[in-house]
Every structure is written in C-alpha cells, then in structure tokens.
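Structural characterization, general
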Amino acid sequence: MPPSERVGFAIIGLGRLSLEEILPAFGEAKKARVVALMSGSADKAKLTAAQYGIPADAIYGYDQWDRLKANPAVKAVYIVTPNGLHRDNVLAAAGAGKHVLCEKPMANSSAEAHEMVEACGKAGVKLMIAYRCQYEPFNREVVRLARSGEFGRVKMIEAFNGQTTGLPEQWRLRKALAGGGALPDIGLYCLNGVRALLGEEPVSIQAQIVTPENDPRFKEVEESVAFTMRFPSGVIAQCGTSYGVHESRELRVHTTSGSLDLHNAFAYRGQRLTVAHREGSHVQRDEPVLTHKNQFALELDHMADCILKDRRPRTPGEEGLQDMILMEAIYAAARTGQPVTV
Ligand code: NDP
C-alpha cells in the first residue's frame, strides 16, 4: 500500500518499547505509518522525529491533545506509557476522536478498563489492546494445532513467563504506575495466551504469591505468582510468572495423544515449536518450520486494517477488560488462599 494511503499513527510515550521495537517495526508494516509523536521530552522527540521523517510540528507534549486532535494525518494513537497512565491517555485519545491501540496491561484495574471501553464506544473510535502474541505466527500455529484435533483433546497447559527485574526506582516497581508486579507486566502473557488458545473463560482460579522480604525492589509490588485456572471443558492451566528468575518464556500444551512445546513463546523473537504425536506405540516428533515475522508490524497492520475496513480488532478493549477482571481474581485467590469462582 503506498505510504499516502496507510493509516497514520501517533506514538504516545517514547520509552524503551517505542524506540527499540515499535518505531523500527513501522519499517516492516504494510498498512501503518508513523506521523506524530507525543512525549514529555522535547529533545528526544525532536531527534526521533528527524530519524523517522516526522514533521517537527507533529510533536506534542502530554498537555497538547487539542493540537494532536487538529492533525488530520493522525488517525490512530498507540499508547506506550506506564500502565497507570493508560486510562487517562485513552480517554484523551477518545476525546480527540482518534482510534486507540493501547499497550498491555490495559490499565491498573478492571474499573479503569471498563471506563476506557465505555469512552471509546461513546466516541465511536476503535480500541485495541496490544496483545502482540496473538498476531505472532508461532503462537497462532499452536492455537491452530491445539484446536485442530490432530493431537486429540487439550487436557493441560503449562505457561511460564519470567525474567529478572533490576533497578528498584523504575516505574514497574511502583504500584501507582504499574498496577502490580510480575503478574500484570509479564504473567499477563500466560493468562491471555491460555484464554486465546482455548477460546473459553476460566471458571475457577487458585493462586499463590511469594515476595521476598527486605528486597528494595519489592516494597510495593509482588515478585512471583503461580496461578491455576480450570476451564469449562475440563482443561487445567498451570501458570507462573516471576521478576526474580533467569529469563524463561515457555508454553506447553498437553493433549490426549501428544504435546506442543513453544520455546520463547512470549519473547519478541526466537520462537521455536516442537511437537510430539503418539500413534500406537510410536511417538512422532517434529519441528514445524514457520517464517518468523515482526509481531509489532503484524499488530500495527491488523489495527490499520480494522480502521480501513471498519472491523472489530481481534484483541479489542473487552479482551483487556476480561484480563483485568481475571487478574483481580488471581490476587483475591492468593490473598484468601481460597479458590475464586469467576
Ligand atoms: P519505559 O519506561 O521504557 O517508557 C515509558 C515512557 O512513557 C517514558 O519513556 C516516557 O516517555 C513516558 N512517560 C510518561 N509519563 C511517565 C512517567 N510518569 N514515568 C515514566 N515514564 C513516563 O517503559 P516501556 O516502554 O518498557 O513500557 C511502556 C508500556 O509498554 C507499558 O505499558 C508496558 O507494559 C508496555 N510494554 C509492552 C511490551 C510488549 O511486549 N507488548 C514490552 C514492554 C513494555 P517520554 O520520555 O517520551 O515522555
């Protein structure tokens, strides 16, 4: 699609994700282009704009939504600020009449997420949550294989997303800006991934949280969370997340006649899929060959396509809201030590 016909995006917040992944991904997108930036740092925004051919008058401060509104080249905004600011940013974008792609986690609470869905609905703009793995080819292949019946019925799922989180002063460890610790930041990939894979909602959740005492990083948010979800079909999903482990991002699906293992499942790149299938006494092992693609570019193009064709995004605001509700249930289950029915 020629650049002039592509959907124009404004990037809100020029942090690590925007600078290292999202802005470069526009180079691989086919239907989206970047036309404006919003930042609290004028110098950084000016430099970034020059790098991506964005006009100097399409740089905005966080208090200049009226100027952004008046820019007809901006059809959509991509919100990439700390989680605790997503609600206000989305409400401002809806007020400016722009479609919204919002980073995960959608908000700090289900109440905020609900407000965001309502505001976008009233303004008649689309709201999509940036669940990049739902656009990534290896994750999509796992969903397809799990649902195809080729491996029998799905019985159990294991999902783990962990990493080491460093500096105590970062916003990710402040409750007001992050909403929580490992769970909303990275455990969310396990929760959303399992729901997307099964296409059903959990009915019961159990959880445990462990946070080391006297660690300056974890004064406000949790370090490690284990949660188990039971689904109406009888599937049990065992999920774990931690800010205190070596990087590990694995998804494993156990079926009646085989297994699907996705290595680096929730990483930006480097996915590897291995499958095992039992036929009689023989176990067939394969490593399906798929083409790696830039998930951010795929996600941007999906949003652009939905705007161009007036379609509902695959991961709309309601999807983010449901995850916020379930994360609150996980926290409640950990707090009480009792299973929570949802
Ligand atoms: P960073 O801290 O690197 O960047 C956040 C940016 O937000 C800052 O650089 C700043 O941009 C802006 N900002 C505005 N107000 C504040 C504030 N009060 N404190 C700190 N920053 C502020 O974070 P990330 O880029 O890693 O994360 C941003 C969002 O993206 C989060 O919601 C996170 O969960 C999500 N994310 C998603 C990932 C994915 O794979 N989908 C991976 C990583 C993050 P400026 O200087 O321009 O004002």
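Summarised in this report is the structure supplied together with it. (Residues numbered from 1 in each chain as written. Predicted model: local features only at pLDDT ≥ 70, side-chain atom pairs only at ≥ 80, totals over all residues. Heavy atoms only, no water.)

A word on the pairing of strand β11 (residues 244-255). The pairing of strand β7 (residues 154-164) with β11 spans nine bridges and is classified as antiparallel. Looking at β11, one finds that F160 is bridged to E250. Relative to strand β12 (residues 258-263), β11 runs antiparallel, the two sharing five bridges. Counterpart to R252 in the pairing with β12 is D261. Count of turn residues in the β11/β12 antiparallel hairpin: two residues. (Pairing = 2+ DSSP bridges. Helix = DSSP H or I, 4+ residues; strand = E, 2+ residues; numbered from the N terminus.)

Membership of the largest hydrophobic core comes to 99 residues, with the highest contact counts inside it found for F9, I11, V77, Y78, L127, I157 and F227. Taken domain by domain, this core gets at least three of its residues from each of domain 1 (3-131 + 296-311) and domain 2 (137-291 + 324-341). Beyond its immediate sequence surroundings of up to four residues, F227 is in contact with L183, G187, C190, L191, Q206, A207, A237, Q238, C239 and I330. (Core = buried A, V, L, I, M, F, W, Y, C linked by side-chain atoms within 4.5 Å. Buried < 20%, exposed > 50% of the residue type's maximum accessible area, 1.4 Å probe, protein only. Domains from an automatic or database assignment. Contact = heavy atoms within 4.5 Å.)

On to the pattern of salt bridges. Across all of its chains, the model carries 20 salt bridges by this definition. The salt bridge partner of R195 is D323, with a shortest N-O separation of 2.7 Å. One end of the pair, R195, is in helix α8 (residues 182-198); the other, D323, is in helix α10 (residues 317-336), with 128 residues separating them in the sequence. Take R195: its relative accessible area is 6%, and that puts it in the buried class. A salt bridge links K309 to D305, with the shortest nitrogen-to-oxygen separation between them at 3.2 Å. Highlighted residues: K309 and D305, both in helix α9 (residues 295-309), separated by four residues, approximately one helical turn. The exposure class of K309 is partly exposed, given its relative accessible area of 43%. (Salt bridge = Lys/Arg side-chain N within 4 Å of Asp/Glu carboxyl O.)

If you trace the backbone, I12 turns up in strand β1 (residues 7-12). Each residue touching I12, except ones within four places of it in the same chain, is listed here: M38, Y62, W65, L68, V77, Y78, I79, V80, T81 and N89.

Time to look at the site of the ligand. In the vicinity of the ligand lie 25 residues, with S39, Y62, N83, R132 and W171 positioned nearest. In this structure, an oxygen atom belonging to the ligand sits 2.7 Å away from a main-chain N or O atom of G40. A distance of 3.0 Å separates a nitrogen atom of the ligand from a polar side-chain atom of E103. With the chains in place, 79% of the 880 Å² that the ligand exposes on its own is no longer accessible. According to the grid-proximity analysis, the pocket containing the ligand is the largest pocket. (Near = heavy atom within 4 Å. Polar contact = N/O pair within 3.5 Å; in protein donor to acceptor, adjacent residues only side chain to side chain. Areas by Shrake-Rupley, 256 points an atom, 1.4 Å probe, with all protein chains shown as cover. 1 Å grid on protein atoms, 1.4 Å probe; cavity = no way out; pocket = protein on both sides within 12 Å on 5 of 7 lines; lining within 4 Å. Sits in = over half its atoms within 2 Å of the grid points.)

So, about helix α2 (residues 42-52). For α2, the complete set of buried residues consists of A45, T48 and A49. Seen from one end, α2 has its buried residues packed into an arc of 105°, which puts them on one side. Away from the buried face of α2 by more than 90 degrees, exposed residues D43, K46, L47, A50 and Q51 are located. Contacts made by the buried residues of α2 are with α1 (16-25), β2 (32-38) and β3 (59-60). The first or second residue beyond α2 is G53, which carries a positive phi of 65°. (Arc of directions from axis to C-beta.)

The relation between two aromatic rings is expressed through the spacing of the ring centres and the mutual angle of the planes. Under the defined criterion, the tally for this structure stands at four aromatic pairs. For the ring pair F218 and Y243, a centre distance of 6.4 Å and an interplane angle of 25° mean the geometry is stacked. Here F218, found in the loop between β8 (204-210) and β9 (224-230), pairs with Y243, found in the loop between β10 (236-242) and β11; they are 25 residues apart in sequence, far enough to count as distant. When sorted by exposure, F218 lands in the same class as Y243, which is buried. (Phe/Tyr/Trp six-rings, centres within 6.5 Å; stacked < 30°, edge-to-face > 60°.)

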